[in-house]
Amino acid sequence: MLKILNPATHALIAKVPADTAAAVKQKYQAARAAQPAWAQRPSTERIDVMTRFREQVRARHEDLAKILTSEVGKPIAQSRNELNGVLGRIDFFINNAAKVLKDEVVFADRGLEEKIAYEPLGVVANISAWNYPYFVGANVFVPALLTGNAVLYKPSEFATLSGLEIAKMLHASGVPQDVFVAVVGGGEIGASLARQPVDGIFFTGSYATGRKIASAAAKRMIKVQLELGGKDPIYVCEDADVKAAAASTADGAFYNTGQSCCAVERIYVHESIYVDFVDAFVATVRGFKIGDPRDDTTYIGPLTRKAQLAVLKRQVADAKKKGANLLMGGKPLTRKGHYFAPTVLSDVDHRMEIMREESFGPVIGIQKVNDDNEATRLMNDTAYGLTAGVYTPDRERAEKILAQIKSGSVYWNCCDRVSPRLPWSGLKHSGIGLTLSTYGIQTFLRPKAWHLRSV
Ligand code: NAD
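Residues numbered from 1 in each chain as written. Predicted model: local features only at pLDDT ≥ 70, side-chain atom pairs only at ≥ 80, totals over all residues. Heavy atoms only, no water.

### Notes on helix H1 (residues 21–40)
Argument step 1. Here H1 is 20 residues long and its end C-alpha atoms lie 30 Å apart, about the 28 Å a rise of 1.5 Å per residue gives.
Argument step 2. At Ala-34, H1 shows its maximal bend, which comes to roughly 35 degrees, and the proline Pro-36 appears one to four places after that position.
Argument step 3. All of the buried residues along H1 are Ala-23, Val-24, Tyr-28, Ala-31, Ala-34, Gln-35 and Trp-38.
Argument step 4. Where the residues of H1 are buried, they touch helix H2 (43–59), strand E4 (112–120), strand E5 (123–127), helix H5 (133–146), strand E6 (150–154) and helix H7 (187–195). (Helix = DSSP H or I, 4+ residues; strand = E, 2+ residues; numbered from the N terminus. Expected span 1.5 Å × (residues − 1). Bend = angle between axes of the 7 residues up to and from the residue. Buried < 20%, exposed > 50% of the residue type's maximum accessible area, 1.4 Å probe, protein only. Contact = heavy atoms within 4.5 Å.)

Written out as structure tokens, the structure is:
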């Protein structure tokens, strides 16, 4: 049995039967048997099924938001935002699937035709994270199903109830039971799933787990996509609107209690506005309401996983020891639940873990820089490469800096943003492969080359 605990209260909210390794194998075999018939259905039918799924997510919005908040501790307003946002992602996939699936004749002359036709990969494993279960799940299972794949979906053990709701809604919308199969359990069940002879593994989670999955899959010559962590930097130039930049980046750092893969994790500020920026930033963070995630006005809730409290404590202690200035927070809150006080550190540098290791919580370091060159060098001084941003009214300057940044996404005067229309990918320890955009539909397909000679 998997015990589901509420991170805000430690209360046991549910016990869910977990899969065994033998059950995972059976689920794989059933999915393998069911996939061809699903792939043979006209794509318009699969699009209709997904349109019904979208309607269920919309209709059950409040109920799903409450479940999400209860198991993940996400403030309810942010759970609602996620459920609203996922509708736009589903719409994008629904509206673009037919275009991507269409055969392309790339050459036709004197009896010779060359054509690219797209076939599903087959059976794919989707091993998912808890921080945005609807977003990161839908990035995979919606396009995978639309393109005719069967999906073995393992929600995170910290978001199992939401994962099971997703399965229920997909089945009620017309996805056959064995074409979308929830696999329930923790890391060892994820490992069992990754061992099945699937045609692709699509993983969202930490770099440490991503590495294990990549090495387990390496010998099998299958597609592996890894959407991993980040240490996403922002640079605030001296000509930026200080208050607006502070408000925007504070939201980017603390939204979802800092537990976003693309959360702002490092801030570099030009020395001439450093003091003003830090003051404005701290004032913004002091305005964030910490509390019960069920409360409509709560902005910062508990951390989902208790173990992360120790990581944050260690990062803060390391920074203080090396000379950082703790401006607010710095320790767990003395209340029930896994709460860590919103934490801002100034006078930080790259000797400190807080500027190098993913924090994944409500903590941030703000470092002073002399010029664009130093900011660019420091932004690139990381093992990760998910997103990076620059705040300045000068678009040319921002583009010049961002062109030199090694990351999958770059932002000008915005941050912590994902669009279904754009590819979502990471470099270095942030992963391999991509989701979203039309490339994120194509990634579930295998282009087959047809050489057709009529004479
Ligand atoms: P995690 O790596 O602990 O777990 C992710 C999933 O892997 C879970 O379902 C877990 O049960 C499973 N798992 C654990 N060990 C496994 C193993 N040995 N084999 C197979 N599966 C295993 O990560 P998490 O705590 O769920 O998520 C947080 C991390 O995810 C952060 O680093 C965050 O930045 C990253 N993330 C990245 C993106 C992105 O799009 N790049 C999005 C969301 C989260």
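### Some words on the sheet that holds strand E20 (residues 445–453)
Argument step 1. Reading across the sheet, the three strands line up as E3-E4-E20 and stay open at both edges, with antiparallel pairing between neighbours. Only two strands of the sheet have a single neighbouring strand rather than two, namely strand E3 (104–109) and E20. Neighbour-to-neighbour, the strand axes of the sheet open up by a mean angle of 20 degrees, direction not taken into account.
Argument step 2. One ladder, built from nine bridges, connects E4 with E20; its direction is antiparallel. Bridged to Pro-120 within E20 is Leu-445. (Pairing = 2+ DSSP bridges. Axes fitted to C-alpha atoms, helices over the stretch in contact; angles between N-to-C directions.)

### Side note on the site of the ligand
Argument step 1. Taken together, 30 residues are adjacent to the ligand, and Glu-157, Ser-206, Thr-209, Leu-228 and Glu-358 come closest.
Argument step 2. The side chain of Ser-206 places a nitrogen or oxygen atom 2.6 Å from an oxygen atom of the ligand.
Argument step 3. With respect to the ligand, the side chain of Trp-424 contributes an N or O atom lying 2.9 Å from an oxygen atom.
Argument step 4. Burial of the ligand by the protein amounts to 90% of the accessible area it has alone, namely 850 Å².
Argument step 5. Where the shell around the ligand is concerned, the elements lending two or more residues are H7, strand E8 (200–204) and helix H8 (207–218). (Near = heavy atom within 4 Å. Polar contact = N/O pair within 3.5 Å; in protein donor to acceptor, adjacent residues only side chain to side chain. Areas by Shrake-Rupley, 256 points an atom, 1.4 Å probe, with all protein chains shown as cover.)

### Some words on the packing of helix H3 (residues 61–72) against helix H4 (residues 76–101)
Argument step 1. Viewed as axis vectors pointing N to C, H3 and H4 meet at an angle of 125 degrees, and their least axial separation amounts to 9 Å. Put simply, H3 runs oblique to H4. H3 and H4 meet at a crossing whose hand is right-handed. Counting all contacts with H3, which are made through His-61, Glu-62, Leu-64, Ala-65, Lys-66, Leu-68 and Thr-69, the residues of H4 involved are Ile-76, Ser-79, Arg-80, Glu-82, Leu-83 and Asn-84.
Argument step 2. The class makeup of the residues in the contact of H3 with H4 is five nonpolar, four polar and four charged. (Parallel < 35°, antiparallel > 145°, perpendicular 65-115°, else oblique. Left-handed = near helix turned anticlockwise from the far one by under 90°. Nonpolar A, V, L, I, M, F, W, Y, C, P; charged D, E, K, R; others polar.)

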